[in-house]
Amino acid sequence: MLNACNSVILEHYADFAGRARRSEFWWFYLAYLIVTTALSTLGNVNPVFGIAYWGVAVLLFLPGLAVSIRRLHDSGKSGWWFLILLIPLAGWIVFLVFMLLPSDDRTNQYGSVT
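This structure is a prediction, so every number in the text was calculated from the model and none was measured.

The rules behind the values
Residues numbered from 1 in each chain as written. Predicted model: local features only at pLDDT ≥ 70, side-chain atom pairs only at ≥ 80, totals over all residues. Heavy atoms only, no water. Helix = DSSP H or I, 4+ residues; strand = E, 2+ residues; numbered from the N terminus. Contact = heavy atoms within 4.5 Å. Expected span 1.5 Å × (residues − 1). Buried < 20%, exposed > 50% of the residue type's maximum accessible area, 1.4 Å probe, protein only. Core = buried A, V, L, I, M, F, W, Y, C linked by side-chain atoms within 4.5 Å.

Participant: Before we move on, could you go through the environment of Arg22 and cite the residues and values that matter?
Facilitator: Note that Arg22 resides in helix H2 (residues 22–43). On a C-alpha basis, the gap between Arg22 and His12 in space is 15 Å, while along the polypeptide they are ten residues apart. In this structure Arg22 touches Arg71, Asp74, Met99, Leu100, Leu101, Pro102 and Ser103, once residues within four positions along its chain are discounted.

Participant: So what about helix H4 (residues 61–74)? Which residues, and what values?
Facilitator: With 14 residues, H4 ought to run about 20 Å at 1.5 Å a step, and its terminal C-alpha atoms sit 20 Å apart, in line with that. The buried fraction of H4 is high, at twelve of 14 residues. The set of residues buried in H4 consists of Pro63, Gly64, Leu65, Ala66, Val67, Ser68, Ile69, Arg70, Arg71, Leu72, His73 and Asp74. Gly76, located one to two residues past H4, shows a positive phi value of around 85°.

Participant: Describe in detail the nonpolar core, supporting the description with residues and values.
Facilitator: Core analysis: the largest hydrophobic core is formed by eleven residues, namely Ala20, Phe25, Phe28, Leu60, Val67, Leu72, Ile84, Leu85, Phe95, Phe98 and Met99. The set of elements that each furnish at least two residues to this core consists of H2, H4 and helix H5 (90–100). Per-element tally for this core: the top contributor is H5, with three residues.

This is a description of form; function is not addressed.
Here is the structure:
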C-alpha cells in the first residue's frame, strides 16, 4: 500500500502522462481516505488537526487528479473523461465504472503496459 502511494506522490506528483494500474489508483485513494478521515475526526478534538486535514487535502489534490487521469489512460480513455464528474450522480457512477474497468492489455496511445 505504501509503495503505491509513494509512487503516486513522490514519483508522479503531477504526472498526467502515462498509465496507472487499478491497484495504484485504489491504493492511493484508500490511503487518502484513511488519512483524511483520521485528520477530520481528530479535527473535532483539536483544531490543529483540522488545519492539517486541509493541508493534506490541498497537497494531495494534484496527485489525486493525476492518478485518476492516468487510470483513465490505462483503460484507453482520454483524461477529459474526468469532467464527467461535473454531472451530478450519473457522472460519478460512470466515473466509478471507468475506474473499475480492467486495464488495456496492449500498448495504447498513452503508453505501454507496465
